[in-house]
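# Remarks on the overall topology
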Amino acid sequence: MKGFISSALLGAAVGTMTLGSFAWAQELQEVNIMTPNRGSCSMYPQFVTDKLGFWEKEGIKVNLLPSETTVPYIAFLENGDADLVMLDSGQVLQAVDVGKPIKVVYEAFNFAPEGIVVTADSPIQGLADLKGTTIGMASDRDLITTVIALDSIGETLESFNVTTVVVGDSGPVMASALTNKTIDAFAGGASDRAGIEAAGVQIRNITPPEVSQNPGNSLTAWGPTIEEKRPLIEKLLRGWAQAQHAGVVDTKLVASVCRDALPEQFENIQNGLRMINNSVYSTQLRRTKDYGELQPDVWSKIQAPYVKQKEISKELDPSGFLDDSFIEAANAWTLMDVKNAIQAWKDANADKIIN
């Protein structure tokens, strides 16, 4: 998981909100979170749940904390600056392996956003064609993406004579590296792919589905404070789940909301829509009965390559770091709640809707 998170929206928030048929002035309770890709609509729920009013209806104001820092997200969780952070599966496993008392409370992605891509016209058709190639990466963290992908076909960087190089996460730079053949393929996350496509380069994902079937990003809490923060966490997750479902109910509406939030991502409408479609129907599509539902079997299955590459010291028991006690509350809403919020935004923003 990569990405740089928003400017802090810190400070007391007092607002007027309506719940059912009752309205009263109420101080919104603040919740601080850190999520990946704050500058990208590839993480659409954080924009949609705010603009459609799901969080306000719950009585909370969510602050997206800045994370343009080399400090691990887990540090902000540990020191109390963040109430929830979003971690990729590797970060979760590494934190648990060194004894951090974290609890995964909601799987936001059932499908990992990290993968290996090539240009649409590349002769490389699959992982087996990567022998002797150079793979670019957004950061050193993407090395594990490459290693796990090659491991799925029984190969290593050494056996396949693969060279890796960090090219950074600037869209134009990544796109240029691919088009001028400095690199043959690129390993990175959804926001990286969106940046490449926004720079005008069409790409093709060659990552096998079985490699990507893991909890790509999960909302994670600090175990020792989880009970005192439970009411706020439940409210935040309920809003997040509704926003996730809004993408399935009306994908173009979600794209319209995201364009309103980050217009620069939709200078090319088709690229923006492609990004939203990938988020809604691939990385963040619900593949479980409930939104956010935790999958202990998947967490067990993905660990072997991490142990093999010494990313973690041993395989870990998922029951020690998964807490499914928030899932019922996160899903305590109806389809009409989502549809009504969508219609209200449409009525108020008719000129902003993408046709």
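Preceding this section is the structure that the text describes.
Residues numbered from 1 in each chain as written. Predicted model: local features only at pLDDT ≥ 70, side-chain atom pairs only at ≥ 80, totals over all residues. Heavy atoms only, no water.

## Observations concerning the overall build of the chain
- A count of helical and extended segments in the chain gives 15 helices and eleven strands.
- Compactness check: the chain gives a C-alpha radius of gyration of 20 Å against a globular reference of 20 Å for 355 residues, within 12% of the reference.
- Viewed in the frame of its principal axes, the chain has a C-alpha envelope of about 65 × 50 × 35 Å.
- Here the analysis covers contacts within the chain between residues at least 6 apart in sequence; of these, 80% occur between residues at least 24 apart.
- On the chain, roughly 14900 Å² of surface is accessible, and the fraction owed to carbon and sulfur atoms is 51%. (Helix = DSSP H or I, 4+ residues; strand = E, 2+ residues; numbered from the N terminus. Rg over C-alpha atoms; globule rule 2.2 N^0.38 Å. Contact = heavy atoms within 4.5 Å. Areas by Shrake-Rupley, 256 points an atom, 1.4 Å probe, with all protein chains shown as cover.)

## Observations regarding the packing of helix α10 (residues 251-261) against helix α11 (residues 269-283)
- Taken N-terminus to C-terminus, the directions of α10 and α11 make an angle of 120°; their axes are 10 Å apart at the nearest point. On the basis of their axis angle, the class for α10 and α11 is oblique. At the point where α10 passes α11, the crossing takes the right-handed sense. Residue-level contacts link T251, V254, A255, C258 and R259 of α10 to I269, L273, I276, N277, V280 and Y281 of α11.
- Class assignment for the residues of the contact of α10 with α11 results in eight nonpolar, two polar and one charged. (Axes fitted to C-alpha atoms, helices over the stretch in contact; angles between N-to-C directions. Parallel < 35°, antiparallel > 145°, perpendicular 65-115°, else oblique. Left-handed = near helix turned anticlockwise from the far one by under 90°. Nonpolar A, V, L, I, M, F, W, Y, C, P; charged D, E, K, R; others polar.)

## Quick notes on the environment of E267
- Relative to the helices and strands, E267 is located in the loop between α10 and α11.
- Residue classification places E267 among the exposed positions, given a relative accessible area of 71%.
- Spatially, the C-alpha atom of E267 lies 8.5 Å from that of A198, the residues being 69 residues apart in sequence. (Buried < 20%, exposed > 50% of the residue type's maximum accessible area, 1.4 Å probe, protein only.)

## Topic: the pairing of strand β6 (residues 115-119)
- The buried fraction of β6 amounts to five of the five residues, a majority that puts the element mostly inside the structure.
- Pairing of β6 with strand β9 (residues 185-188), which is carried by three bridges, proceeds in the antiparallel orientation. Looking across to β9, one finds that G115 is bridged to G188. (Pairing = 2+ DSSP bridges.)

## Side note on the packing of aromatic side chains
- Tallied over the full model, the rule gives two aromatic pairs.
- A ring pair is formed by Y291 and W333, whose centres lie 6.0 Å apart and whose planes are at 40°; its orientation type is tilted. You can see Y291 sitting in the loop between α11 and α12 (296-301) and its partner W333 sitting in the loop between α14 (327-330) and α15 (335-348), a full 42 residues away along the chain.
- Judged by relative accessible area, which is 4%, Y291 ranks as buried.
- W333 gets classed as buried once you look at its relative accessible area, which sits at 16%.
- Measuring from ring centre to ring centre gives 5.5 Å for W299 and F321, while their planes differ by 80°; the resulting arrangement is edge-to-face. Of the two residues, W299 is situated in helix α12 and F321 in the loop between α13 (303-308) and α14; the sequence distance between them amounts to 22 residues. Here W299 matches F321 in class, with each residue buried.
- Positioned above the aromatic ring of Y291, the side-chain terminus of R286 is 4.5 Å from the ring centre. (Phe/Tyr/Trp six-rings, centres within 6.5 Å; stacked < 30°, edge-to-face > 60°. Lys NZ or Arg CZ within 6 Å of the ring centre and 35° of its normal.)

## Looking at the sheet that holds β9
- On the basis of which strands lie adjacent, the open sheet formed by five strands has the order β8-β7-β9-β6-β10 and mixed pairing. Two strands in the sheet have a free side with no partner beyond their single neighbour: β8 (163-166) and β10 (203-205). Mean inter-strand twist for the sheet, computed between neighbouring axes without regard to direction, equals 30°.
- By the bridge criterion, three bridges tie β6 to β10 in an arrangement that is antiparallel. Within β10, the residue paired with V118 across the bridge is R204.

## Things to note about the packing of helix α9 (residues 230-249) against α15
- Viewed as axis vectors pointing N to C, α9 and α15 meet at an angle of 75°, and their least axial separation amounts to 10 Å. Judged by the angle between their axes, α9 and α15 are roughly perpendicular. Residues Q242, H245, A246 and V249 of α9 touch α15, and the partners they reach there are L335, D337, V338, K339 and I342.
- Across the contact of α9 with α15, the residue classes break down as five nonpolar, two polar and two charged.

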